[in-house]
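# Inside the fold
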Amino acid sequence: MNGMRDRLLPILGRVAFALLSAAVVIVFSEKMFWYVTGYSFLDLLLGYFFPTFVLLWVIDAFRVRRLAPLFLAGAVFGFLAEGMLVGTIYEGGPLNWFSVSYTPLAWHAPLSVVFGWYALRRWLVAGRARALVLGCAAVGLFWGLWAMAWWLPENAADPALLAQGARLGQWPAADFALHAFTFTAVLAVALWLLGRGGWSSFRPSRVEVAVVVAGLLVFFAAGVLPAAPWAPLKLLPLLGVTLLALYVNKRREPPGSLLADVAGPVRLARLPLLFIMPAVAVAVYALAAALAPPVEVIYGITAIGGVMATAVLGALVYLVALIRTVWRRQAKSTDRKNPVSNESA
């Protein structure tokens, strides 16, 4: 009986780690992006559990301890989320680079993983109040500007989203505020619980990895392959190139990963700083509603700035991350003692 408990408890711990991490990335990947879909959460948690589990495993298995390989790990997460849970990376055909970058490289990797899952946790654990204030204010500004995308006529009348019951168009500022603060509270609780767990590594058994891969394949076979039977021809090279670069990183790094950097406890007194993010977002949203900018201005901010510019930037950062990971010189002994000294978040 004790032997079974000893085997079961680590598995449950890893599942809890993945679920809490999934809750964090959902806030950025879904609730910040698709706020018009409302308050659904548990169904998203089930789906996001699988790519988040892989993300944690990749970080530990490939000894990710710097920003460049962390971005690549986030890219793996983005490719799985947008290529196996849904099929957005296949829009536009096999050679369309835009769908590869937006949203895996333009949103999931930098915002959900690098900022939301890693930087916020590290700043909270380290007590870096100034970084938290500035980071949350910057993301809150982006959040408020991006939210105007759903005011555009073509988005406000999107038939697919309307069929799903989405509440499109401009919301009253109070409704937007309730949504933004609610999911920031979810984020705060998840980050606090992650600190309570103290997870400094993530080493699942082969059976656990097989179960998670099987879960991803179920989503892939049921929801993606019927619409894009050629999907593996696009997904596998993306994953292959990224994982190959991460394998090179593993060969050059000592054992361990940046999971140890964010494994400490989070003081409750630091969590209110997270609410700077929705406060700024709501202020921007309310100001925009009062000014009522023309459609052309909203289009320039959201479609050009929020979509096209971030897609190009995400692709460029991905290429730079590949180059820096593959061609970086092997870490010196001093760097190994301070693994994020040159690339801290």
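Note that the structure is a prediction, hence the values are computed from the model and not measured.

Let us look at the overall build of the protein. Each helix and strand in the protein was counted, giving 13 helices and zero strands. Order of helices (α) and strands (β) in the protein, N terminus to C terminus: α-α-α-α-α-α-α-α-α-α-α-α-α. For the protein, the C-alpha radius of gyration of 20 Å lies close to 20 Å, the compact-globule estimate for 345 residues. In terms of principal-axis extent, the alpha carbons of the protein reach across some 60 × 50 × 50 Å. Here the protein holds 345 residues, and the buried ones make up 51% of them. Contacts spanning at least 24 positions in sequence make up 84% of the contacts within the protein whose residues lie at least 6 apart. The average position of the 27 basic charges and that of the 15 acidic charges among the side chains of the protein differ by 16 Å.

Next up on the list: helix α8 (residues 173-197). With 25 residues, α8 should cover 36 Å at 1.5 Å per step; its first-to-last C-alpha distance of 36 Å lies within 8% of that length. Just past α8, the residue G198 takes up positive phi, approximately 65 degrees.

Turning our eyes to something else, we now look at the environment of P104. Its place among the elements puts P104 in helix α4 (residues 97-126). Classification of P104 as buried rests on a relative accessible area of 0%. Sequence-distant contacts of P104, defined by excluding residues within four places in its chain, comprise G78, F79, E82, I89, S99 and A109.

Turning next to the environment of F98. Looking at the secondary structure, you find F98 in helix α4. On the basis of relative accessible area, F98 is assigned to the partly exposed category, the value being 24%. Taking the C-alpha atoms as reference, F98 lies 8.6 Å from A315; in sequence the two are 217 residues apart. Leaving out residues up to four positions away in the same chain, F98 has contacts with V307, M308 and A311.

Per the counting criterion, the structure on display carries 30 aromatic pairs. The structure contains a cluster of three or more aromatic residues connected by ring pairs, namely F33, W34, W97, F98, Y102, W107, F142, W146 and W150. Over the aromatic face of W117 sits the side chain of R121, whose NZ or CZ is 5.2 Å from the ring centroid. The ring of W171 carries R167 above its face, with NZ or CZ at 4.6 Å from the centroid.

This paragraph deals with the confidence of the model for the protein. Averaged over every residue, the pLDDT of the protein is 93; the share at 70 or more is 94%. Predicted confidence for residues 332-339 stays below pLDDT 50, and this span has nine contacts to residues more than four positions away or in other chains.

Moving on, we come to helix α10 (residues 231-252). Taking 1.5 Å per residue as the helical rise, α10 with its 22 residues ought to reach 32 Å, and the 32 Å between its terminal C-alpha atoms agrees with that figure. Turning to α10, its buried residues number three or more, namely A231, K234, L235, L238, L239, T242, A245, L246 and N249. Viewed along the axis of α10, the buried residues span an arc of 125 degrees, placing them on a single side of the element. Of the residues in α10, the exposed ones pointing more than 90 degrees away from the buried face are L233, L236, L244 and R251. Where α10 is buried, its residues touch α2 (42-61), α3 (67-85), α4, α9 (206-224) and α12 (295-327).

Thresholds, definitions, all that
- Residues numbered from 1 in each chain as written.
- Predicted model: local features only at pLDDT ≥ 70, side-chain atom pairs only at ≥ 80, totals over all residues.
- Heavy atoms only, no water.
- Helix = DSSP H or I, 4+ residues; strand = E, 2+ residues; numbered from the N terminus.
- Rg over C-alpha atoms; globule rule 2.2 N^0.38 Å.
- Buried < 20%, exposed > 50% of the residue type's maximum accessible area, 1.4 Å probe, protein only.
- Contact = heavy atoms within 4.5 Å.
- Lys, Arg positive; Asp, Glu negative; His and termini not counted.
- Charge placed at Lys NZ, Arg CZ, Asp CG, Glu CD.
- Expected span 1.5 Å × (residues − 1).
- Phe/Tyr/Trp six-rings, centres within 6.5 Å; stacked < 30°, edge-to-face > 60°.
- Lys NZ or Arg CZ within 6 Å of the ring centre and 35° of its normal.
- pLDDT = per-residue confidence, 0-100.
- Arc of directions from axis to C-beta.

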